[in-house]
Amino acid sequence: MRPEERAAWLRAEIERHNRLYYVEERPEISDDAYDQLFHELKRLEEENPGLQTLDSPTLRVGAAPVGSFGTVRHRHPMLSLDNAFGEEEIRAFDERVRRFLASGDDVAYAAELKYDGLSVSILYQGSLLVRAATRGDGTTGEDVTENARTVGGVPLRLASPFEGDLEVRGEIVMFKSDFEELNRQRIAASEQPFVNPRNAASGGMRQLDSRLTAQRRLRFLAYGLGFVDGEDALPDTHLGRLDWLMSLGFPVRPERRACHGIDEVVKFVDEARASRAELPFGIDGVVVKVDSIALQGELGSTARGPRWAVAAKFPAEQAMTLLVGIGTQVGRTGAVTPVAELEPVFVGGVTVSRATLHNYEDLARKDVRVGDTVIVQRAGDVIPEVVGPALDRRPAGAVPPSAPTQCPVCGTTLTRDEGMVALRCPNRQGCEAQIQAKIEHFVSRKAMDIEGLGEKQIARFLALGWLTDIPGIYRLEDLKDQMVELDRMGDQSVGNLLAAIEASKSRPLDRFIYALGIRYVGDRTAGDLARAFGTLNAFRTATFDRLVEVPDIGPRTASEIEEWLEAEENQALINGLLAAGVRPREADAPTGDHLAGQTIVFTGKLERMTREEAEAIVARLGGKPSGSVSKATTLVVAGPGAGSKLVKAEQLGVPVTDEESFLRSLPEGSI
Ligand code: IVH
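Right, let's walk through the structure included here. Starting afresh in each chain, residues are numbered from 1 along the sequence in its written order. Only residues with pLDDT of 70 or above have their local features reported here, since the model is predicted, and side-chain atom pairs are shown and tallied only from 80 upward, although totals for entire chains, interfaces and linings are computed over all residues. Neither water nor hydrogens contribute to the side-chain values; these are computed over all heavy atoms in the structure.

Surrounding the ligand, one finds Leu81, Glu112, Leu113, Lys114, Tyr115, Ser119, Arg135, Glu171, Tyr223, Val287, Lys289 and Pro306. Between N or O atoms, a polar contact is any pair within 3.5 Å; within protein, one atom must be a potential hydrogen donor and the other a potential acceptor, and residues adjacent in sequence are included only when both atoms are from side chains. Within the backbone of Leu113, an N or O atom sits 2.9 Å from a nitrogen atom of the ligand. Between the ligand and the protein, one listed contact pairs an oxygen atom with a side-chain N or O atom of Lys114 at 3.2 Å. Notes on the ligand: free accessible area 520 Å², of which the protein chains cover 88%. Each helix is a run of DSSP H or I of at least 4 residues and each strand a run of E of at least 2, with the numbering of both proceeding from the N terminus. When residues of the shell around the ligand are assigned to their parent elements, the largest contribution, four residues, is made by strand β3 (residues 108-115). Residues are labelled near a given molecule or strand when at least one of their non-hydrogen atoms is within 4 Å of it. For the accessible areas, the method is Shrake-Rupley and the probe is 1.4 Å, while residue cover comes only from the protein chains on display.

The next subject is the sheet that holds strand β9 (residues 256-260). Read from one edge of the open sheet, five strands run β2-β11-β10-β3-β9, paired in mixed fashion. The open sheet has two free edges, formed respectively by β2 (83-85) and β9, since each of these has just one partner strand. Sheet twist, expressed as the average angle between the axes of neighbouring strands with direction ignored, equals 30°. In this structure, β3 lies alongside β9, joined through five bridges in antiparallel fashion. Pairing between two strands requires that DSSP report at least two bridges joining them. Axes here mean lines fitted to C-alpha atoms, for a helix over just the part in contact, with angles spanning 0 to 180 degrees between N-to-C directions.

Ring pairs are drawn from Phe, Tyr and Trp, using the six-membered ring of Trp, whenever the two centres fall within 6.5 Å, and their geometry is named by plane angle: stacked under 30 degrees, edge-to-face over 60, tilted for the rest. For the structure on display, the rule yields twelve aromatic pairs. Centre to centre, the rings of Phe93 and Tyr109 are 5.8 Å apart; their planes meet at 45°, and the pair counts as tilted. Of this pair, Phe93 sits in helix α3 (residues 86-101) while Tyr109 sits in strand β3, and the two are 16 residues apart along the sequence. The same class applies to Phe93 as to Tyr109, namely buried. Ring plane angle 35° and centroid distance 5.6 Å describe the contact between Phe461 and Trp466, whose orientation is recorded as tilted. Here the two residues Phe461 and Trp466 agree in accessibility, since each one is buried. Categorising residues by exposure relies on relative accessible area from a 1.4 Å probe, with only protein chains included: less than 20% of the type maximum marks a residue as buried, more than 50% marks it as exposed, and the intermediate range marks it as partly exposed.

Quick look at the pattern of salt bridges now. In the sections that follow, a salt bridge refers to a side-chain nitrogen of Lys or Arg positioned within 4 Å of a carboxyl oxygen of Asp or Glu. For the structure shown, the criterion picks out 48 salt bridges. Residues Glu4 and Arg2 are paired through a salt bridge, measuring 3.3 Å at the closest nitrogen-oxygen approach. Of the residues examined, Glu4 reaches a relative accessible area of 39% and is grouped as partly exposed. With a shortest N-O distance of 3.4 Å, Glu28 and Arg16 are connected by a salt bridge. On the criterion of sequence distance, the pair formed by Glu28 in the loop between α1 (3-22) and α2 (31-47) and Arg16 in helix α1 is long-range, its members being twelve residues apart. The network of salt bridges with shared partners includes Glu13, Arg16, Glu24, Arg26 and Glu28.

What follows concerns the packing of α3 against helix α9 (residues 262-275). Across the interface, α3 lies against α9 with an axial gap of 10 Å and an inter-helix angle of 145°. Two packed elements cross with a definite hand, and for α3 against α9 that hand is right-handed. Contacts between α3 and α9 involve Glu87, Ile90, Arg91 and Asp94 from the first element and Ile262, Asp263, Val265, Val266 and Val269 from the second. Gly counts as polar in this scheme, as do all residues outside two lists: the nonpolar Ala, Val, Leu, Ile, Met, Phe, Trp, Tyr, Cys and Pro, and the charged Asp, Glu, Lys and Arg. Grouping the amino acids of the contact of α3 with α9 by side-chain chemistry returns five nonpolar, no polar and four charged. Note: crossing handedness is left-handed where the near helix turns anticlockwise from the far helix by less than a right angle, and right-handed where it turns clockwise. Contact criterion: two residues are considered in contact whenever any of their non-hydrogen atoms come within 4.5 Å of each other.

What follows is the structure, given as structure tokens:
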């Protein structure tokens, strides 16, 4: 084959794999095999000057730096959108639309995610990418053509030919995993980490040297069109046009839906909010658009934005507030960590006044000081954290905090585990903070679930000397009379508390194992352990070799568990609990083998049962419940709001079903 023929074949093949990866999300070859194709093309182009075409994928690694960005005037302005916060404002948008159209009927809407990145407009002429521009002020943007070529998913040539001019609009984002990797690298190189993926993405697009942009692994997600030659020939709905864009090779997210009437829109928004944390990239809401292009034309635009679209915004996951102080927290394993005391701020849908600062090393690296204005983040159910300081707002004289040397609660000199960053209070039996944290964990909802024994109550009982350790919970009964006399408790609540304590004695083994508070043993791992060992006796005598055999348990967790079980004080704890009458209900023997050999993942919202119940059913029928989708998964049960796990299942070709069908498929009487 002549070099130009081979080069043409390689270009087409590489771009096909790019599409499989970025657009269809079902790669056919390994990264290594891809790299080989890429390097072969690069070598051919180097050996045969003149072979490199304008659509060569080798351009994706970036070009020589430019001195400054040119400006580009958008042929159609890049408008922004009106915001709608909450259901009421979404419904108000629908009313405005229907009033304007004088329509009593439901309107057909297209609902899609609102990607949190920066918008660009990419121009194709005769199917070739010729220019890309940022939004700028909406009328004029910056020419970022070279940078755009390096962005994952941006076709250099359209997958099917389009003769005239075509402007495609979309958002450039950084995936969460790439963001975390980038920050890991920056921290390792003693560089300031980025505060969020959006800043990292927009910083990446502002590089004058596109080779640096290429290293950021940015991604393009298409959401619409700008100027298009012969627009009338295109599909007449927004969703139809998105499908068309996909056929041209643009990445369009699968999380989009045709909604008839505003009720369906509200439902989509709720589902998107629920799956937000699971998505591989950040979103800040949902964009709702009138689906018919003709109706969009009738509605037109105001100076602010189109009347036919609205951004249903989610509460911000980041906010700025004042760092009033830095406190210290002692966890149940003795880890001593700094805690930010904040001026209360509304973030991620709740008011936050305390946030974690992880550890003292992290604190020093982020250079957070009392008096700083800091960026606070609360994503999903994750504990709020301080991301970093806004350095431009630092008051004069702010000093870096120092790490404590003594436990703030019991005064013991702190130690540091070898190779670990965490400071630790070694007074495991006597430190009141550790006892309190252990008891709090033991009684928590996913553990022994003892209602009525909250943080304040435990602190009180500890102060009174009524509680000194976990088994002491089961001796509280003896103090019933004193408890009734304690202010605010009274007969009824004491009765409820004692009943809850009694009921906890027969919690299932997996909850009991979780309640023990062994490092790295979360509720899911506890479930794996309970299923694998079946009885408390078998579990408490488990050895490392036996533990690593349990699916999903790695050597680090296995050795942590073994060490925990070998410690005398922990065996004494288990004995103490048994002596107090605690009898964990041992894992129910499988009641059938209907699901034997199956690995089942539940994702999204379940309507008829909790996730724990669903997983218990699977285990009882001989199957294995799992939390993540992989090649080993045999079935995914998806409910409303299912996100990345569903996408992954589809990529891997794992069968997907819904809750109803799953329940119906089970043998009668097995639930
Ligand atoms: S449509 C005229 N769809 O949100 C309508 N915009 O506040 C143009 N954005 O500047 C926008 N995801 O950068 C649209 N699925 C989506 C979007 C989206 C993110 C951004 C876009 C725009 C801003 C408007």
